[in-house]
Amino acid sequence: MNTSNTVPHELPPPDDLVDQPNYLNVAYGLKSWLLTRDHKRIAILYMISVTVFFALGSLFALLIRLELLTPEGDLMQPDTYNRVFTMHGVVMVFFFLIPSIPATLGNFLVPLMIGAKDLAFPKLNLASWYVYNLGGVFTLWAIFSGGVDTGWTFYTPFSTNYSNSYVVATALGVFINGFSSIFTGLNFIVTIHRMRAPGMTWFRLPLFIWSHYATSLIIVLGTPVIAITILMVAAERLFGLGIFDPRLGGDPILFQHLFWFYSHPAVYIMILPAMGVISELVAAFARKRIFGYKFVAFASIAIAVLGFLVWGHHMFVAGQSLYAATIFSVLSMLVAVPSAVKVFNWTATLYEASISYETPMLYALGFIGLFTLGGLTGTMIATLGIDVHVHDTYFIVAHFHYIMVGGAIMGYLGGLHYWWPKISGRLYPGFLSRLSALLVFVGFNLTFFPQFILGYLGMPRRYWSYPPEYQVLNVLSTAGASILGIGYILPLFYFAWSLKYGTRAGENPWGAVGLEWDTTSPPPTENFPVIPVVTREPYDYTSEEVHRRTTQQEVPVVYQVD
Amino acid sequence: MSTRSIEPAAVALAPGTGGGHDHPSLQHHFDNLEQQKEASTLGMWLFLVTEIMFFGGLFTTYVVYRSSWPREFMAASSTLDWKLGAFNTAVLILSSLTMALAIWAAQVNRRKQVVFYLIATMILGLVFLGVKAVEYADKFEHHHVPGPNFVWSEDAHGEGGHAAAAPTPEQAAFAHHVEIFFSLYFIMTGLHAVHMICGIGVLAFLLVPSWKGRYNSAYHNPLECTGLYWHFVDIVWIFLFPLLYLLGAHAT
């Protein structure tokens, strides 16, 4: 070993640390943010935009839950209700879930984790944020003009021939937003291929990177298909072209095929990055090497590939041939295999580990439980017979919220709590954050578990009123949603608070391994003083060297001398 | 202890091992020109993958309807002027040649020729768009544009105006399917034309740096990436031409 580096490095008490030059204090003023090419600043910009859209989507969710508090449709007209749940879906899917983890945490961490100075195309990265907001403007325009009532799926011929709402504006918003996803995905793939630090081989990549690689593949292959599909819908409305128009002999089911060819893989765009976050959290707080690293890595790729072969399970009752439906059913169940590999491997990592129940770990444990429930019900509804029974009921709603909210959002919040000290350089209050994690978990289950039962009893989706016997479960669900809401609002406050009053985090508050913890918090604009050279496997929590590093007794990495 | 060995692949990326360390065109976050070139080329290919998927959705739609109504598609196709289509195909292939020559000229440091070939490529692109405009005008004249004014009469191929007796249900259905062909025709050729216009815009953007001699044997990456894009747009047309224009050859 390099003995000159082993002199204990005395750290001053954290509060006395002065801020090193970092990406936050390097320049102030609006221009330095709006014209930045630093992936870390762009991540912050995305974080703000995504939070705004999350709040908007949540507002629509609130309206839905309020309407469903009573069996009568007393809060709004059925037509208004259609618009509200559509806007909830459009905003949450396209403007929150899809960009949430990749565009914020991914943007911030991908270059840091692989030891690069930035993403491969910094200008494209900034452009993607602007494009995202441009798409958002179109969608907001649609919302404030009166909304759209087709459901987030834009099914033809309703969307093309009959809907009297702002379909074109929304469709253009989604179309434009697709470009921002593509820019991000393309940037990640090139960065991961070409920008890795010396010694950062493919099997030394953190699993967060593997899952973002798989996500990017889906984005690049899938998003263009929905772009052209939605463009055809817009052209049909705007210019009277007739691609899906049944009056001309067009096939509305063809639209469903094209739509779900993207939109089913899009589910994996939302969940895979969250899985990457969970792999990091589990290893860091179990202080163990992740069990079956290669299996977890390849499971991400397997999910990405299989995800493209299962879209037909959204169309079991749309007049598909029985043979097609059977094949789609079998393929859909196959997705459970790599998903289960991940869950089992996380569990195996936890086995006999010394687990510390920090806030991020609470989210991670919540994710594993909720994702398992969401995944298992997914296998249920991949079964043809059961799907015919529960199709278009609240069972489906509960299932995908277990994946989207219980999975993707838990992952996002967990990741945010884990990397916040790196992002902001500050620690947040432990008790409040644990409380909010608990509220989110309890509130979530109270909201969505009753919906499984409701759906199985036969309550259909997308209705603004229901028979009185369903009321108890609906009241439970609304009550849960209000708890969930408080759980989501709390972090907004204590994260903002921590920016000014939080204790300085130091470079590695969790004692975690990974290149991102080897640089200062917040990191400098160039990420690393010199490009690091990687000599270890990821999640190497057992070796003596790592032990010394993570207990902060030594200057961490061995830097390559330029 | 770990042996701190560095993989050969990693060495290539390490600073100080590649050429062009302080080249003016090297962006700050790349170690050397070679890494920058590899990154942008890979990025361009990935972008082309998204384009393939984008047009792929259209081709899928085409295949579905073409196999449903082969007769209608042939009849509609026979109204297109295959000679104009063939002429445009030749124009585009020629423009791909001039594009490739522009890159070659940069590689051998012939600055003026780079500019010449770029302008030639742009002119050929504009010729293509001009011919396309003539064809579109013809569609409007014959009421072959889908929508409320669409007219299809099997004898006169939609000469319009002289609406005879009410069409039989079979004739009406036939006309509707023809309308779907023309919907696809306009979306496919229209999006292709949009890609052409973008390509011409990018070429125009490259003219000034080319004139200043920024692209040479050491650095000509933007030209190469634009070339990849241009060839891709060309290839899309090479698929569109037979699918849309030559189908009608079987009709008579």
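Residues numbered from 1 in each chain as written. Chains lettered and ligands numbered in written order. Predicted model: local features only at pLDDT ≥ 70, side-chain atom pairs only at ≥ 80, totals over all residues.

Student: A description of the overall build of chain B should follow, citing residues and the corresponding values.
Tutor: For chain B, the helix and strand inventory stands at seven helices and zero strands. Across the 252 residues of chain B, 35% fall into the buried class. Across chain B, every contact between residues at least 6 apart in sequence was considered, and the portion connecting residues at least 24 apart equals 70%. (Helix = DSSP H or I, 4+ residues; strand = E, 2+ residues; numbered from the N terminus. Buried ≥ 20, exposed ≤ 12 C-beta atoms within 10 Å, placed from the backbone. Contact = placed C-beta atoms within 7 Å.)

Student: Can you explain the overall build of chain A? Please cite residues and give values.
Tutor: Within chain A, the regular secondary structure consists of 16 helices and zero strands. Relative to its full complement of 562 residues, chain A shows a buried share of 57%. Within chain A, counting contacts between residues at least 6 apart in sequence, those at least 24 apart form 86% of the total.

Student: Outline the environment of Gly190 of chain B, supporting the account with residue identities and numerical values.
Tutor: Residue and element names in this part refer to chain B. Relative to the helices and strands, Gly190 is located in helix α6 (residues 169-211). You can call Gly190 partly exposed: it has 15 C-beta atoms within 10 Å. Considering only alpha carbons, one finds Gly190 and Tyr136, 54 residues apart in sequence, at a separation of 9.7 Å.

Student: A description of the interface of chain A and chain B should follow, citing residues and the corresponding values.
Tutor: Tallying the contact residues gives 40 residues for chain A and 40 residues for chain B. Of all the secondary-structure elements, those providing two or more residues to the side of chain A that touches chain B are α6 (167-194), α7 (207-239) and α8 (252-286) of chain A. By residue number, the principal contributor to the side of chain A that touches chain B is α7 of chain A, which donates ten residues. When grouped by side-chain class, the residues that make up the side of chain A that touches chain B number 25 nonpolar, nine polar and six charged. (Nonpolar A, V, L, I, M, F, W, Y, C, P; charged D, E, K, R; others polar.)

Student: Let's hear about the confidence of the model for chain A: which residues, and what values?
Tutor: Residue and element names in this part refer to chain A. Averaged over all residues, the pLDDT of chain A equals 91, while 93% of them reach at least 70. Contacts for the low-pLDDT stretch residues 1-9, under 50 throughout, to residues beyond four places or in other chains number eleven contacts. Every residue in residues 12-16 is under pLDDT 50, and counting partners more than four places away or in other chains gives six contacts. (pLDDT = per-residue confidence, 0-100.)

Student: With reference to specific residues and values, describe the packing of helix α11 (residues 359-382) of chain A against helix α13 (residues 394-424) of chain A.
Tutor: Residue and element names in this part refer to chain A. At their nearest, the axes of α11 and α13 sit 8 Å apart, and the two run at 160 degrees to each other. Viewed along their axes, α11 and α13 adopt a mutual orientation that is roughly antiparallel. For the element pair α11 and α13, the recorded crossing hand is left-handed. For the contact of α11 with α13, the residue count by class is 14 nonpolar, eleven polar and no charged. (Axes fitted to C-alpha atoms, helices over the stretch in contact; angles between N-to-C directions. Parallel < 35°, antiparallel > 145°, perpendicular 65-115°, else oblique. Left-handed = near helix turned anticlockwise from the far one by under 90°.)

Student: Tell me what's going on with helix α9 (residues 293-307) of chain A, and back it up with residues and numbers.
Tutor: For an α-helix, the turn length of 3.6 residues means that residues three or four places apart are oriented alike. Residues and elements named next belong to chain A. The end-to-end C-alpha distance of α9, which contains 15 residues, comes to 21 Å, matching closely the 21 Å that a straight helix rising 1.5 Å per residue would cover. Taken together, the buried positions of α9 are occupied by Tyr293, Val296, Ala297, Ala299, Ser300, Ile303, Ala304 and Gly307. Viewed end-on, α9 has its buried residues packed into an arc of 155 degrees, placing them on one side of the element. Among the structural elements, α7, α8 and α10 (322-350) are those in contact with the buried residues of α9. (Expected span 1.5 Å × (residues − 1). Arc of directions from axis to C-beta.)

Student: Any details on unusual backbone geometry? Residues and values, ideally.
Tutor: All names here are of chain A. Going from Thr156 to Pro157, the amide bond is cis rather than trans, its omega being 0 degrees. With respect to the helices, strands and loops of the structure, Pro157 is situated in the loop between α4 (122-145) and α5 (158-162). Positive phi, normally seen in glycine, also occurs at Arg287, with a value near 50 degrees. Secondary-structure assignment places Arg287 in the loop between α8 and α9. Arg287 sits in the buried class, given 21 other C-beta atoms within 10 Å.

Student: How would you sum up the confidence of the model for chain B? Please name residues and give values.
Tutor: All names here are of chain B. On average, residues of chain B score 86 in pLDDT, and 85% of them are at 70 or above. Note on residues 1-19: pLDDT is under 50 here. Beyond four places in sequence and across chains, it has 31 contacts. Every residue in residues 156-162 is under pLDDT 50, and counting partners more than four places away or in other chains gives twelve contacts. For this predicted complex, the interface score ipTM comes out at 0.89, while the overall pTM is 0.91.

Student: Go over α11 of chain A, please, and point to the residues and values.
Tutor: The end-to-end C-alpha separation of α11 of chain A is 34 Å, in line with the 34 Å expected for 24 residues at 1.5 Å each. With 17 of its 24 residues buried, α11 of chain A lies for the most part within the structure.

Student: Help me get a handle on the packing of helix α3 (residues 78-114) of chain A against α13 of chain A, residues and values and all.
Tutor: Residues and elements named next belong to chain A. Interaxial distance between α3 and α13 falls to 10 Å at its minimum, and their mutual angle equals 25 degrees. As judged from the angle between their axes, α3 and α13 are roughly parallel. Crossing angle aside, the handedness with which α3 passes α13 is left-handed. Counting all contacts with α3, which are made through Leu97, Ser100, Ile101, Leu105, Phe108 and Leu109, the residues of α13 involved are Met404, Ala408, Gly411, Tyr412, Gly415, Trp419 and Ile423. Grouping the amino acids of the contact of α3 with α13 by side-chain chemistry returns ten nonpolar, three polar and no charged.

Student: Which residues make up the environment of Leu322 of chain A, and what values do they have?
Tutor: With respect to the helices and strands, Leu322 of chain A occurs in helix α10. Separated by 119 residues in the primary sequence, Leu322 of chain A and Phe441 of chain A have C-alpha atoms spaced 39 Å apart.

Student: If you had to explain the environment of Arg434 of chain A to someone new, which residues and values would you point to?
Tutor: All names here are of chain A. One can find Arg434 in helix α14 (residues 430-457). For Arg434, a count of 16 C-beta atoms within 10 Å puts it in the partly exposed group. When the C-alpha positions of Arg434 and Met361 are compared, they lie 9.7 Å apart, and in sequence the two are 73 residues distant. Those residues in contact with Arg434 that lie beyond four places of it in its chain are Thr359 and Leu362.

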